[in-house]
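Chain residues, written in single-letter form:
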Amino acid sequence: MNKQAPNTNQLHVEQLVYIGQVLREAGEASGLAQSVLAEKTLIRLSLLNAIETADISQLPEPINTRGLIRRYGD
């Protein structure tokens, strides 16, 4: 039985979709506009949108994206 290793890029996207959804829902629950969240987190609005929509073409390298997600989550 030969099991293929999962595509790491696909796993990255799937995780980002989930995390982006959680962050978007938390932001909406807080009642803060994205522009306010961008100010508070010091993350550009375009990057917040890219995180929330899992648009990896607009995000930096995965290591830097993780840092942005941590900052957003905090």
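Residues numbered from 1 in each chain as written. Predicted model: local features only at pLDDT ≥ 70, side-chain atom pairs only at ≥ 80, totals over all residues. Heavy atoms only, no water.

Colleague: Which residues make up the nonpolar core, and what values do they have?
Modeller: Membership of the largest hydrophobic core comes to 14 residues, with the highest contact counts inside it found for I43, L48, I51, L59 and Y72. For this core, the elements supplying multiple residues, two or more each, are α1 (8-30), α2 (34-41), α3 (45-53) and α4 (62-73). Among the elements that take part in this core, α3 stands out by supplying four residues, more than any other. Every residue in contact with Y72, bar those within four places of it in the chain, is listed here: L23, L37, T41, I43, L48, I51 and E52. (Core = buried A, V, L, I, M, F, W, Y, C linked by side-chain atoms within 4.5 Å. Buried < 20%, exposed > 50% of the residue type's maximum accessible area, 1.4 Å probe, protein only. Helix = DSSP H or I, 4+ residues; strand = E, 2+ residues; numbered from the N terminus. Contact = heavy atoms within 4.5 Å.)

Colleague: Kindly report on the side chain of T41, identifying the contributing residues and their values.
Modeller: Within the element layout of this structure, T41 appears in helix α2. Look at T41 and you get buried, because its relative accessible area is 10%. Apart from the residues lying within four places of it in its own chain, the contact partners of T41 are L48, R71 and Y72.

Colleague: Describe the packing of α1 against α3, listing the residues and the values that go with them.
Modeller: Geometry of a packed helix pair, given as the angle between the helix axes and the separation of the axes. With their axes 6 Å apart at the nearest point, α1 and α3 run at an angle of 120° to one another. Contact with α1, carried on its side by L16, G20, Q21, L23 and R24, involves I51, E52 and T53 of α3 and no other residues of that element. Grouping the amino acids of the contact of α1 with α3 by side-chain chemistry returns three nonpolar, three polar and two charged. (Axes fitted to C-alpha atoms, helices over the stretch in contact; angles between N-to-C directions. Nonpolar A, V, L, I, M, F, W, Y, C, P; charged D, E, K, R; others polar.)

Colleague: Run through unusual backbone geometry, naming residues and quoting values.
Modeller: Positive phi is not limited to glycine here, since L42 has a value of about 60°. Judged by relative accessible area, which is 70%, L42 ranks as exposed. Even without being a glycine, A54 presents a positive backbone phi close to 55°. Looking at the element boundaries, A54 is found in the loop between α3 and α4.

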